Amino acid sequence: MSGRVSGSVGRGAWLRRLGPEPPAAEATLVCLPHAGGAPAFYRDWPRLLSPTLDVVSVCYPGRQDRLGEPPATDMAELAEEVSAALAPLAGRPLAVFGHSMGAVVGYEAARLLQARYGVRPVCLFVSGMVAPHRVPQRTRHLLEEPDLVAHLLEQGGTDPEVLADEELRALVMPAVRADYRLIDTYRPLAGDEALDTPIVAYYGRQDPAVSAPDVHEWQRCTRATAEVHAFPGGHFYLSRMHETLTADVRDRILAALRS
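Every value quoted in this text rests on a predicted model; they were computed, and no experiment measured them.

Asks: I would appreciate a short explanation of the packing of helix 2 (residues 75–86) against helix 3 (residues 101–117) in the present structure.
Replies: If you want to describe how two helices pack, look at the angle between their axes and the distance between the axes. Running from amino to carboxyl end, helix 2 crosses helix 3 at an angle of 60 degrees, the nearest separation of the two axes being 8 Å. With respect to their mutual orientation, helix 2 and helix 3 come out oblique. The handedness of the crossing between helix 2 and helix 3 comes out as right-handed. In this structure, helix 2 uses Met75, Leu78, Ala79, Glu80, Val82, Ser83, Ala84 and Leu86 to contact helix 3, whose residues at the interface are Val104, Val105, Glu108, Ala109, Leu112, Leu113, Arg116 and Tyr117. By residue class, the composition of the contact of helix 2 with helix 3 is twelve nonpolar, one polar and three charged.

Asks: How should the pattern of salt bridges be read in this particular structure?
Replies: Side-chain pairing between opposite charges can occur once the charged atoms of the two side chains come close. Enumeration over the complete set of coordinates arrives at 18 salt bridges. The salt bridge involving Asp65 is made with Arg16; its shortest N-O contact spans 2.9 Å. A residue pair is termed long-range when its members are at least 10 positions apart, and Asp65 in the loop between strand 3 (53–58) and helix 2 and Arg16 in strand 1 (residues 15–17) qualify at 49 residues. One salt bridge connects Asp54 with Arg17, and the closest N-O pair in it is separated by 2.8 Å. Highlighted residues: Asp54 in strand 3 and Arg17 in strand 1, separated in sequence by 37 residues.

Asks: Which parts of the structure should I look at to understand the nonpolar core?
Replies: One broad trend across soluble globular proteins is that nonpolar side chains are buried collectively. Counting residues in each nonpolar core, the largest one holds 51 residues, and the members touching the most others are Val82, Leu86 and Trp218. Here this core gets eight residues from one element, more than from any other, and that element is helix 3. Counting residues in hydrophobic clusters, the runner-up holds 24 residues, among them Ala27, Leu29, Tyr202 and Ile253.

Asks: Can you walk me through helix 4 (residues 145–155) in this structure?
Replies: What sets the pattern is the α-helix's 3.6 residues per turn: residues three or four places apart point alike. Among the residues of helix 4, Leu148, Val149, His151 and Leu152 are the ones counted as buried. Considered in projection along helix 4, the buried side chains sweep an arc of 155 degrees and stay on one side of the axis. Turned more than 90 degrees off the buried face of helix 4, the exposed positions are Pro146 and Glu154. Where the residues of helix 4 are buried, they touch helix 5 (160–164) and helix 6 (166–184).

Asks: Looking at this model, I keep getting lost on the pairing of strand 6 (residues 199–204). Mind explaining?
Replies: Strand residues, when the strand is regular, have side chains that alternate between the two faces of the sheet. Judged by how many residues are buried, strand 6 sits mostly within the fold: six of six residues are covered. Residues of strand 6 alternate between two faces, with Ile199, Ala201 and Tyr203 on one and Val200, Tyr202 and Gly204 on the opposite face, all of them buried.

Conventions adopted
Residues numbered from 1 in each chain as written. Predicted model: local features only at pLDDT ≥ 70, side-chain atom pairs only at ≥ 80, totals over all residues. Heavy atoms only, no water. Axes fitted to C-alpha atoms, helices over the stretch in contact; angles between N-to-C directions. Helix = DSSP H or I, 4+ residues; strand = E, 2+ residues; numbered from the N terminus. Parallel < 35°, antiparallel > 145°, perpendicular 65-115°, else oblique. Left-handed = near helix turned anticlockwise from the far one by under 90°. Contact = heavy atoms within 4.5 Å. Nonpolar A, V, L, I, M, F, W, Y, C, P; charged D, E, K, R; others polar. Salt bridge = Lys/Arg side-chain N within 4 Å of Asp/Glu carboxyl O. Core = buried A, V, L, I, M, F, W, Y, C linked by side-chain atoms within 4.5 Å. Buried < 20%, exposed > 50% of the residue type's maximum accessible area, 1.4 Å probe, protein only. Arc of directions from axis to C-beta.

Shown next, in the form of structure tokens:
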């Protein structure tokens, strides 16, 4: 498949379908990108998950065809917008997958879906992120541009050619810096209501920013089950392990639908 974003889905500009909608899909999987990321990060997932799942990605403001919009600066507002965009999709079973910053956005959106819209995702998949109450306060968003670029290259989730091109770098860095500010200053949003949704947490064993004990703390975020699975690799382990990862995601969603 080409990986081309095929257009908006549902409410406003927030959702993108990366491939044809499978007519017999049993559930919708919504994917949330990492800091600085965009729907195209998940471009191979429809090929791997169709026809069982309809794969949709959240597009944050400040990237792709939303490049002219100011990036989000408030996690509460971002979670509100995402949950409002996802609620109309609940006519079919809904699952949520978020990587890195996207895991936190997915968690906060899932809390709002449950509390405000009465929608309970069949599963919340969180990747490359410690439990919300273990997210450290950081100052990466204040780094000088060369240092922030070096950090992005070390993480491995951004195309080095984009960062090497002065004009392209100028286009993407405002969203990167805004996203890092969101996660660097994040604290779990108000309300102590735990999810009723099962959580599956994935991480890379060689990810220096994500320790196994802090990932296991996701259990405190749900009254349902919580499982943790490690993969070989660093923060962007999923780029190399996407076939194994998507197979596990698909199997868990189908098992939840049949339970």
